[in-house]
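Chain by chain, the residues run as shown.
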Amino acid sequence: MPVSETGGLKVWQRRTQRESQTHWLMWLTGVAVFAYCWQQISQATTWFFVWDAPRIAGDIWTRATPPRWEYITQLGKPIWDTINIATLGTILALLMAVPVAFLAARNTTPSALFIRPVALLIIVSTRSINSLIWALLLIAIIGPGVFAGVIAIAIRSIGFCAKLLYEAIEEIDATQVEAVTATGASRWQVMAYGIVPQILPAFAGIAVFRWDINIRESTVLGLVGAGGIGLQLSASLNVLAWPQVSLILLVILAAVVISEWVSAKVRGAII
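The shown structure was predicted, so the numbers you read here are calculated from the model rather than taken from an experiment.

Got a minute to help me understand helix 5 (residues 115-128) in this structure?
Every α-helix winds through 3.6 residues per turn, so residues three or four apart in the chain are directed the same way. Between its first and last C-alpha, helix 5 extends 20 Å over 14 residues, near the 20 Å set by a 1.5 Å rise per residue. Every buried residue belonging to helix 5 is among Arg 116, Ala 119, Ile 123 and Thr 126, and all of these are buried. Around the axis of helix 5, the buried residues are gathered within 105 degrees of arc, so they sit on the same side. Residues of helix 5 that are exposed and point over 90 degrees away from its buried face: Leu 121 and Ser 128. Among the structural elements, helix 4 (76-104), helix 6 (131-142) and helix 7 (146-170) are those in contact with the buried residues of helix 5.

Here's what the structure looks like:
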């Protein structure tokens, strides 16, 4: 910590003069960048609609309440499709993520120079594109419906699951692997008895956590035609059936809360 002398007294300072100047320069740079970005956003914003938003929100709230409770009989199959999209998509993602994770982990990849970069590229590419974009692409390729939603969720989940899993593989206790190897076990036996038992709790936690996330993501895939309750939401929004929209939102909220509760219970049991 720097010390300066003033009138024969030593004054303790948090930063040197150069550090203080650098600190203030960083603050000024941040303020300048924020002001520039705000100016660009302001020029592209119709502020009349922003100021009028509270009135419009109140009008929509009046139209949407009370919900159209009798419409709930038509939401059973869509919400079931949504749960199936999330569940099947998660299962497919895990099946594909496991080999990718083993290929990406430094201590299990056959080639750190060639195969590991390819596995990491798969992880990054599948995580970087949102499930809605995947759904739009798949709908153009295989047509609209639940199947496109399942594949979109699966592709989106590969990178998430594989990344967490390969990190868990790299953090295993190497002494257990060495002990199994010392018995003369083959590479596959070492993996089955030395590595897999150590990562099973992490794998189960990742699976449940991703399923919980996919429940949320699958509720909106219907907005682009990928099936599920989002399709009902899109149809209701198109005809401005606000009482139906409010009921659908309540059903989605209930599904997310239940999935969160189930996920927490399962993770608690695993951990």
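Moving on from the coordinates now.
It is not clear to me how the confidence of the model for the chain should be interpreted in this structure. Could you clarify?
Low pLDDT means the predicted atomic positions in that stretch should not be read closely. Scored by pLDDT, the chain comes out at a mean of 85, with 94% of its residues at no less than 70. At the low end of the mean pLDDT range in the chain sits strand 1 (residues 3-6), at 50; at the high end sits helix 4, at 91.

I tried to follow the packing of aromatic side chains on my own but got confused; where do I start?
Between two aromatic rings, the relevant description is the distance of the centres plus the angle of the planes. Counting across every chain of the model gives two aromatic pairs. Ring geometry for Phe 34 and Trp 38: centres 6.5 Å apart, planes at 15 degrees, overall stacked. With Phe 34 and Trp 38 both in helix 1 (residues 17-43) and four residues apart, this pair spans about one turn of that helix. For Phe 34, a relative accessible area of 58% corresponds to the exposed category. With a relative accessible area of 46%, Trp 38 lands in the partly exposed category. Pairing Phe 160 with Phe 209 gives two aromatic rings, centres 5.8 Å apart and planes at 50 degrees, and the pair type is tilted. One end of the pair, Phe 160, is in helix 7; the other, Phe 209, is in helix 9 (residues 187-218), and 49 residues separate them in sequence. A relative accessible area of 18% places Phe 160 in the buried class. For Phe 209, a relative accessible area of 34% puts it in the partly exposed group. Seen from the ring of Phe 160, Arg 210 lies directly overhead, with NZ or CZ sitting 4.9 Å from the centre.

About the criteria used
Residues numbered from 1 in each chain as written. Predicted model: local features only at pLDDT ≥ 70, side-chain atom pairs only at ≥ 80, totals over all residues. Heavy atoms only, no water. Helix = DSSP H or I, 4+ residues; strand = E, 2+ residues; numbered from the N terminus. Expected span 1.5 Å × (residues − 1). Buried < 20%, exposed > 50% of the residue type's maximum accessible area, 1.4 Å probe, protein only. Arc of directions from axis to C-beta. Contact = heavy atoms within 4.5 Å. pLDDT = per-residue confidence, 0-100. Phe/Tyr/Trp six-rings, centres within 6.5 Å; stacked < 30°, edge-to-face > 60°. Lys NZ or Arg CZ within 6 Å of the ring centre and 35° of its normal.

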